[in-house]
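Listed below, chain by chain, are the residues.
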Amino acid sequence: MTDLNILWPLSGGLLIGLSAGLYLLTTGRIAGISGLAASAAGLTGTGISTLGLGFLGGILAGTALASTFLRQAEIALPASAPLLIVAGLLVGFGTRLGSGCTSGHGVCGLARLSKRSLVATSVFMTVAALTVFAVRHVLGGIV
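Below is a short write-up of the structure. Small disclaimer: the values here were computed from a predicted structure and weren't measured.

Details of the packing of aromatic side chains
This model, assessed by the stated rule, comprises one aromatic pair. Pairing Y23 with F55 gives two aromatic rings, centres 5.7 Å apart and planes at 65°, and the pair type is edge-to-face. Taken together, the residues span a long stretch of sequence, with Y23 in helix α1 (residues 7–27) and F55 in helix α3 (residues 50–69) at a distance of 32 residues. Across this residue pair, the class does not change: Y23 and F55 are buried.

The structure is reproduced here in structure tokens:
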């Protein structure tokens with residue numbers, strides 16, 4: 001790892017914390033990506049949210065900006081596009097079922113010392129570790 005490699009996760013973490021804090025201060029709501037995505041798509045029963053669209057647009061713009069400064073991708077995804085789409089849909093379903101996502105619980109909830117978020121984040125991380133173990137060592141990898 002070079003000296004500059006630490007700047008990407010550091011700056012990303014700072015921007016996530018800043019945006020989550022500003023969102024909480026300006027709206028009084030927790031910045032969870034699953035809830036913002038649902039509100040941007042009009043799935044919350046209140047119509048399409050321009051704030052949700054703006055937040056998601058900022059994520060996409062930040063990703064595009066970061067990718068213009070990278071010379072090569074640092075992460076290779078060995079899975080097929082259909083598998084990634086199914087995985088994304090399952091994650092979306094799980095976040096709606098669990099009333100929150102890793103960003104809402106893990107970033108914002110833990111910062112507020114929420115017991116519910118501590119339990120939820122512990123469950124997310126445990127299931128994620130078990131899933132990686134099962135896919136890599138029990139199933140031999142899925143591509």
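Comments concerning the nonpolar core
Judged by nonpolar contacts, A20, Y23, A31, L36, F55 and C108 together constitute the single largest core of six residues. Filtering out sequence-adjacent residues up to four positions away, F55 remains in contact with S19, Y23, A31, I33 and L36.

Examining a nonpolar patch on the surface
A contiguous nonpolar patch, built from I6, L7, L10 and L14 and spanning about 400 Å² of accessible area, is present on the exposed surface. As for its position among the elements, I6 is in the segment before α1.

What about helix α5 (residues 102–111)?
Among the residues making up α5, those that are buried are S103, G104, H105, C108 and G109. The inward-facing, buried residues of α5 abut α1, α2 (33–40) and α6 (115–138). Immediately beyond the C-terminal end of α5, within one or two residues, lies L113, with a positive phi of roughly 60°.

A word on the environment of G42
Relative to the assigned elements, G42 resides in the loop between α2 and α3. The spacing of G42 and G52 is 10 residues in sequence and 9.5 Å in space, taken between C-alpha atoms.

A look at the packing of α5 against α6
Here α5 crosses α6 at 135°, and the two axes come no closer than 9 Å. In terms of orientation, α5 and α6 fall into the oblique class. In this structure, the crossing between α5 and α6 has a hand that is left-handed. In this structure, α5 contributes T102, H105, G106, G109 and L110 to the contact, and α6 contributes R116, S117, L118, A120, T121 and F124. When grouped by side-chain class, the residues that make up the contact of α5 with α6 number four nonpolar, six polar and one charged.

Some thoughts on the packing of α1 against α3
In the contact formed by α1 and α3, the axes pass within 13 Å of each other and the chain directions differ by 165°. The angle between α1 and α3 falls in the class roughly antiparallel. As for how α1 packs across α3, the hand of that crossing is right-handed. On the side of α1, the interface is formed by W8, S19, Y23 and T27, while α3 contributes L51, F55, A66 and F69.

Rules of the game
- Residues numbered from 1 in each chain as written.
- Predicted model: local features only at pLDDT ≥ 70, side-chain atom pairs only at ≥ 80, totals over all residues.
- Heavy atoms only, no water.
- Phe/Tyr/Trp six-rings, centres within 6.5 Å; stacked < 30°, edge-to-face > 60°.
- Helix = DSSP H or I, 4+ residues; strand = E, 2+ residues; numbered from the N terminus.
- Buried < 20%, exposed > 50% of the residue type's maximum accessible area, 1.4 Å probe, protein only.
- Core = buried A, V, L, I, M, F, W, Y, C linked by side-chain atoms within 4.5 Å.
- Contact = heavy atoms within 4.5 Å.
- Patch = residues over 30% accessible without salt bridge, like charges linked within 9 Å, V, L, I, M, F, W, Y side chains within 5 Å.
- Areas by Shrake-Rupley, 256 points an atom, 1.4 Å probe, with all protein chains shown as cover.
- Salt bridge = Lys/Arg side-chain N within 4 Å of Asp/Glu carboxyl O.
- Axes fitted to C-alpha atoms, helices over the stretch in contact; angles between N-to-C directions.
- Parallel < 35°, antiparallel > 145°, perpendicular 65-115°, else oblique.
- Left-handed = near helix turned anticlockwise from the far one by under 90°.
- Nonpolar A, V, L, I, M, F, W, Y, C, P; charged D, E, K, R; others polar.

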